[in-house]
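Summary of structural features
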Amino acid sequence: AEGDTVDVEALMERCGGSRGTVPVTHCWNPGHVAVADAHAAAVGPDLDAAHLRDLPCEVIFQQFAEHLVAMRDPTQRRAAKTLMYLKDWHVLRDHADPAAPPPYSCPAIFQDDYLNEFSLAHRGGDDYRFVYVGPAQTRTLLHTDVLGSYSWSTSVVGRKRWTFFPPAARGLLVDSHGRMLEDIDGVDPVRFPRYAEAVAVATVVVQTPGQTVFVPSGWVHQVENLDECLSVNANWVNGCNLERFVATVADDLRVAQHEIADVRAVMVDDWHTTCHHMVRTNCGFDFEMVCELIAAIYERVASELATAASVPKEPASDELGEQKAGVFRLHRIFELVQLDKALTTVLALWSAALDPSATIAPKHTRLAADLSRQCLDLSTSGLGIS
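Keep in mind it's a predicted model, so treat the numbers as computed, not measured.

With that settled, the discussion passes to the overall build of the protein chain. Along the backbone of the protein chain there are 13 helices and eleven strands. The 386 residues of the protein chain split such that 45% are buried. Within the protein chain, contacts between residues at least 6 apart in sequence are counted, and of these 82% link residues at least 24 apart. Of the accessible surface of the protein chain, which amounts to about 19,300 Å², a share of 56% is contributed by carbon and sulfur atoms.

Structure below.
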């Protein structure tokens, strides 16, 4: 950072942005008179007018950097109809020099992360870790995080205003057609008559540089950059929200089934396959991949448990070391139980969603048997698993 702005040259050097394109969203600029007037006039069903919609695209990093610097000038800023927001930039995946130290690392408290562990190892190095950079008044519109995941966001430069709505308030944020509100700025009370009720249960947080925000699974939120900002973010799943992850994939499958329900009779055997393909394309996972994730995490956790059991106990005088070992073991046992529950749910949902002539691969049913057996062994060994 340079004072309260982003050091663009350092960002290019550390993150390798100058080597290619980066994903940006064009946010409408509320400081531009014509845009502000158009937004005020856009009410009712036409609220998503094309010239106001946040439009994603790819640009050369240098082009974005020049825009970011230009938006520091008040005259140039007033003339800009849109503001570029560099979002979902996979710095660690795409741009970091593998021979150099990584530009940043995940805070220790968030490292229990099935989603990125599996994706990095089994999905060609893909990840859910991002850098965001943008001028003041850029924003991320109202949404819930992908795959029922948690997310964390650390502000490096600038302040952000977060507006959170609990999962139970989601029904207050839809119109009469069931369409979700996209932007909490200038909400039409006719189209969204229950929005005031949602506001009553909302939580607003202003995040300052150096602070990290944790977003629980399922919370609807919108984020606005109050200043020029740079933040580091990630989505992740662990044993605590694994069931919500499974439920989200199941919900996406139900949506896919509804969308092509009218062609089921003519598609015959291909209909179920197409539904699952739509889910994988939309959110990156289907039931097959969820089972693969559970298998990968189970292999690691079971290995760690076996290793911990074979290590000689520390001397009794090392009370802290003994406590740490006990907590480590109990946490791995908790993970096994959560993996077992999630896999049981996945296989039940998957069986119900399959074509009647299809079956689930034997490796998944064997995995379920192994997991259940290990949990049963732990429960009968005096550890109180239930």
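After that view of the structure, there is still more to cover.
Moving on to the packing of helix α1 (residues 8–15) against helix α3 (residues 61–70). Relative to each other, α1 and α3 sit at 155°, their axes nearing to 11 Å. On the basis of their axis angle, the class for α1 and α3 is roughly antiparallel. Both α1 and α3 take part in a crossing whose hand is right-handed. Of α3, the residues touching α1 (which contributes Val8, Leu11 and Met12) are Phe61, Gln62, Ala65, Leu68 and Val69. Its residues assigned to classes, the contact of α1 with α3 shows seven nonpolar, one polar and no charged.

Its boundaries defined by the atoms lining it, the second largest pocket holds a volume of some 650 Å³. Contributing to the lining of the second largest pocket are 20 residues, with His143, Thr144, Asp145, Arg170 and Asp252 lying nearest its centre. Its residues assigned to classes, the lining of the second largest pocket shows eight nonpolar, six polar and six charged.

Here the focus is unusual backbone geometry. Backbone geometry at Gln137 places phi at a positive 80°, although glycine is not the residue there. Following the sequence through the fold, Gln137 ends up in the loop between β4 (129–134) and β5 (139–143). Exposure remark for Gln137: the relative accessible area of 28% places this residue in the partly exposed category. Located in the positive-phi region is Leu147, a residue other than glycine, with phi close to 60°.

The next subject is the side chain of His221. Summarising the element assignment, His221 is placed in strand β10 (residues 220–225). Judged by relative accessible area, which is 2%, His221 ranks as buried. Polar side-chain contacts of His221 include one of 2.9 Å to the backbone oxygen of Trp219.

With that settled, the discussion passes to the nonpolar core. If you look at the biggest cluster of nonpolar residues, it comprises 52 residues, and the most contacted ones within it are Phe245, Phe285, Leu293 and Ile294. For this core, the secondary-structure elements that each account for two or more residues are α6 (114–122), β4, α8 (242–259), α10 (270–283), α11 (287–310), α12 (319–353) and α13 (362–379). Broken down by element, this core gets its largest block of residues, twelve residues, from α11. Those residues in contact with Phe245, other than ones at most four positions away along the chain, are Leu147, Val237, Phe285, Val290 and Leu293. Formed by 27 residues, the second largest nonpolar core is a distinct cluster that contains Val22, Val91, Tyr104 and Val131.

This paragraph deals with the environment of Thr248. Structurally, Thr248 is set in helix α8. Remark: the alpha-carbon pair of Thr248 and Gly148, spanning 100 residues in sequence, is separated by 5.7 Å. Contacts of Thr248, omitting those with residues within four sequence positions, involve Leu147 and Gly148.

To continue, consider the pairing of strand β6 (residues 150–157). For β6, the buried fraction is high: seven of the eight residues fall into the buried class. Examined bridge by bridge, β6 and strand β11 (residues 229–236) share seven bridges and lie antiparallel to one another. Note on β11: the bridge partner recorded for Val157 is Leu230. Bridge analysis of β6 against strand β9 (residues 212–215) gives four bridges, and the strand direction is antiparallel. The partner of Trp152 across the bridge, within β9, is Phe214.

Conventions and cut-offs
Along each chain, numbering runs from 1 in the same order as the chain's sequence is written. Reporting in this predicted model follows two pLDDT cut-offs: at least 70 for local features of residues, and 80 or more for side-chain atom pairs to be given and counted; totals over whole chains, interfaces and linings ignore these cut-offs and use all residues. Note: side-chain values were computed over all heavy atoms of the structure, leaving out hydrogens and water. Helical segments are the DSSP runs of H or I of at least four residues, strand segments are the runs of E of at least two, and each set is numbered from the N terminus. Any residue under 20% of the maximum accessible area for its type is buried, any over 50% is exposed, and the rest in between are partly exposed; the area is computed with a 1.4 Å probe on protein chains only. For this analysis, residues touch if any pair of their heavy atoms sits within 4.5 Å. Surface accessibility in these figures is a Shrake-Rupley result with a 1.4 Å probe; residues are shielded only by whichever protein chains are displayed. Orientation is described by axes fitted as lines to C-alpha atoms, over the contacting stretch for helices, and by angles from 0 to 180 degrees between their N-to-C directions. These descriptions rest on fixed angle ranges, namely under 35 degrees for roughly parallel, over 145 for roughly antiparallel, 65 to 115 for roughly perpendicular, and the rest for oblique. Helix crossings get a hand from a simple test, with the near helix turned counterclockwise from the far one by less than a right angle marking a left-handed crossing and a clockwise turn marking a right-handed one. The classification used treats Ala, Val, Leu, Ile, Met, Phe, Trp, Tyr, Cys and Pro as nonpolar, Asp, Glu, Lys and Arg as charged, and all other residues, Gly among them, as polar. Lining residues are those with an atom within 4 Å of a point, where the points come from a 1 Å grid over the protein atoms alone and group into cavities, where a 1.4 Å probe fits but cannot get out, or pockets, open sets with protein on both sides within 12 Å along at least five of seven lines. Grid points are joined across faces, edges and corners, and a volume is the space filled by probe spheres set on the points. Polar contact is the term for a pair of N or O atoms within 3.5 Å; when the atoms are in protein, one must be able to donate a hydrogen and the other to accept it, and sequence-neighboring residues count only if both atoms are side-chain atoms. Put simply, a nonpolar core is a bunch of buried Ala, Val, Leu, Ile, Met, Phe, Trp, Tyr and Cys residues held in one set by side-chain atoms that sit within 4.5 Å of each other. DSSP-based pairing: two strands are paired if at least 2 bridges between them are found.

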